[in-house]
Amino acid sequence: MQQAINSEIMMVLDVCIDSRTDEAGTREAMERTHRWAVRSLAAKEKRSTGQALFGIVQGGVHPALRDASAEFLTKLPFDGFAIGGLAVGETKVERDTMTERATASLPQDKPRYLMGVGTPTDLLEAVLRGVDMFDCIIPTKMAQQGYAYTFQGLVRITRTAYRLEDGPLDPECDCYVCKRYTRGYLQHLMRGKHHLGSRFLSVHNVRHYQKLMERIREGILRNGYAQTYRELKAAVATPKDLKDEAAATAVTLKDVG
Ligand SMILES: [Zn+2]
């Protein structure tokens, strides 16, 4: 089917289970994913279409299984590797730890793709742990709920404060919507439940994600990632991010002492 629609990157079929599944269940799902990966490669090799095929590392939140999965898959000639089975019920700390664990055992010269993640802050954290690519419904899902991501933080467009605002969603954004419409007009569309409202916020949010990744790439090439990470993290932080960060710090302090 992926050959029929000519996707640039084909993904193997994988078994994605709840992160809370026990080790035996996780192993079974991982081994099935591996068998499917081998069959996918065989199917790809039958017909040369110039499409890339990525394998998917599974293993839930079990470190030994993550390692085994990466070891098995990286012996096969995939064009890149995805980290699957995260963002399905585990904590943020578990996700970060497993992401780091998985990228450490993947080759340096092939793309790493973290599936189904995340918010702008999640992307910054994952890049810090060695991830190159993402896909996620969050930018459009949040747009449907009236939220716009900007480099000045998260904007809930239905807030009364924006009713008469003549400025764009994000003055730093070059998207179709920011070049043409004001915050006041976008609020009018969202409050009136006009379908164009969430469409426009989606156009903006998707562009914001592209811009975020552009800035990350530029930062890495210019002076390494550390400074870019700090600057962008401060720029895109949402109230929830700050709360999560405070909770994670509290856990660390408790563990220490
Ligand atoms: Zn925009």
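Going by the structure above, here's the rest.
Heads up: these notes are all about the structure in this document. Once a new chain begins, its residue numbering starts again from 1 and follows that chain's sequence as written. pLDDT decides what is reported in this predicted model: residues at 70 or higher carry local features, side-chain atom pairs at 80 or more are listed and counted, and totals for whole chains, interfaces and linings draw on all residues regardless. Remark: hydrogens and water are excluded; side-chain values derive from all non-hydrogen atoms of the structure.

**Focus: the coordination of the zinc ion**
Protein ligation of the zinc ion involves Cys 173 (SG), Cys 175 (SG), Cys 178 (SG) and His 204 (ND1), the donor distances falling in the range 2.1 to 2.4 Å. Counted as coordinating are nitrogen, oxygen and sulfur atoms within 2.8 Å of the metal, or 3.2 Å for Na, K and Ca, while water is not included, which may make sites look incomplete. Metal sites are grouped by the angles between bound donors: all angles between 85 and 135 degrees with four donors is tetrahedral, opposite donors over 155 degrees apart with the others between 65 and 115 is square planar for four donors and octahedral for six, and any other pattern is irregular. Seen from the zinc ion, its 4 donor atoms lie at angles of 99 to 123°, and the figure they make is tetrahedral. All donors of the zinc ion come from a single chain, and their spacing in sequence reads C-x1-C-x2-C-x25-H. Of the two residues, Cys 175 and Cys 178, both sit in the buried class. For every residue, the accessible area (1.4 Å probe, protein chains only) is compared with the maximum for its type, and the residue is labelled buried under 20%, exposed over 50%, or partly exposed between those bounds.

**Observations regarding the sheet that holds strand S4 (residues 112–115)**
The sheet built from 5 strands is open, its strands ordered S1-S2-S3-S4-S5 with parallel pairing. A single partner strand is all that each edge strand has here, and the edge strands are strand S1 (9–11) and strand S5 (133–135). Between one strand and the next, the sheet's axes are offset by a mean angle of 30°, whatever the strand orientation. Following DSSP output, two strands are said to pair if at least two bridges run between them. Numbering of helices and strands starts at the N terminus; helices are DSSP runs of H or I of at least 4 residues and strands are runs of E of at least 2. As judged from the 3 bridges shared by strand S3 (residues 80–83) and S4, these two strands associate in the parallel manner. If you follow Phe 81 over to S4, its bridge partner there is Arg 112. Each axis is a line fitted through C-alpha atoms, taken for helices only over the stretch in contact, and angles between the N-to-C directions span 0 to 180 degrees.

**Points about the nonpolar core**
Counting 27 residues, the largest nonpolar core has Met 11, Phe 78, Ile 83 and Leu 114 as the members making the most contacts within it. Elements with a minimum of two residues in this core: S1, helix H1 (23–46), strand S2 (52–57), helix H2 (63–74), S3, helix H3 (92–104) and S4. Element by element, the count of residues in this core is highest for S2, at 5 residues. By definition in these notes, contact holds between two residues if any of their heavy atoms fall within 4.5 Å. Once you skip the residues sitting within four places of it in the chain, Ile 83 turns out to touch Val 57, Arg 66, Thr 99, Ala 102, Thr 103, Leu 106, Tyr 113, Leu 114, Met 115 and Val 131. Take the buried residues of types Ala, Val, Leu, Ile, Met, Phe, Trp, Tyr and Cys, join any two whose side-chain atoms come within 4.5 Å, and each joined set is a nonpolar core. Grouped together as the second largest cluster of nonpolar side chains are 15 residues, Ile 157, Tyr 162, Leu 169 and Leu 189 included.

**Looking at the pattern of salt bridges**
Salt bridges are identified by distance alone: a Lys or Arg side-chain nitrogen within 4 Å of an Asp or Glu carboxyl oxygen. Counting across every chain of the model gives 16 salt bridges. Residue Asp 174 is joined to Arg 207 by a salt bridge in which the shortest nitrogen-to-oxygen separation is 2.7 Å. Of this pair, Asp 174 sits in the loop between strand S7 (153–156) and helix H6 (176–180) while Arg 207 sits in helix H8 (residues 195–223), placing them 33 residues apart in sequence. In this structure, the salt-bridge partner of Arg 207 is Glu 214, at a minimum N-O distance of 3.2 Å.

**Remarks on the pairing of S7**
Sheet analysis places strand S6 (residues 147–150) next to S7, joined by 4 bridges and oriented antiparallel. Note that in S7 the partner of Tyr 149 across the bridge is Leu 154. Hairpin connection from S6 to S7: 2 residues lie between these consecutive antiparallel strands.

**Notes on the packing of aromatic side chains**
Whether two aromatic rings pair depends on their centres lying within 6.5 Å, for rings of Phe, Tyr and Trp, where Trp uses its six-membered ring; planes under 30 degrees apart make the pair stacked, over 60 edge-to-face, and the rest tilted. Tallied over the full model, the rule gives 7 aromatic pairs. An angle of 70° between the planes, with centres 5.9 Å apart, marks the rings of Tyr 149 and Tyr 209 as edge-to-face. Here Tyr 149 is found in strand S6, whereas its partner Tyr 209 is found in helix H8, with 60 residues between them in sequence. As far as burial versus exposure is concerned, Tyr 149 and Tyr 209 are alike and both buried. Ring-pair connections join several aromatic residues into one group, and the members of that group are Tyr 176, Tyr 181, Tyr 185 and Phe 200. Any Lys NZ or Arg CZ found within 6 Å of a ring centre and within 35 degrees of that ring's normal is scored as a charge over the ring. The side chain of Arg 159 reaches across the aromatic face of Tyr 162, ending 5.3 Å from its centre. The side chain of Arg 215 reaches across the aromatic face of Phe 151, ending 3.9 Å from its centre.

**What to know about the environment of Phe 72**
One can find Phe 72 in helix H2. Apart from the residues lying within four places of it in its own chain, the contact partners of Phe 72 are His 34 and Val 38.

**Some thoughts on the environment of Met 190**
Structurally, Met 190 can be placed in helix H7 (residues 183–191). Judged by relative accessible area, Met 190 falls into the buried class, the value being 14%. Distance in space between the C-alpha atoms of Met 190 and Val 61 is 39 Å, their sequence separation being 129 residues. Those residues in contact with Met 190 that sit more than four places away from it in its chain are Ala 143, Gln 144, Gln 145, Gly 146, Ile 157, Thr 158, Gly 197, Ser 198 and Leu 201.

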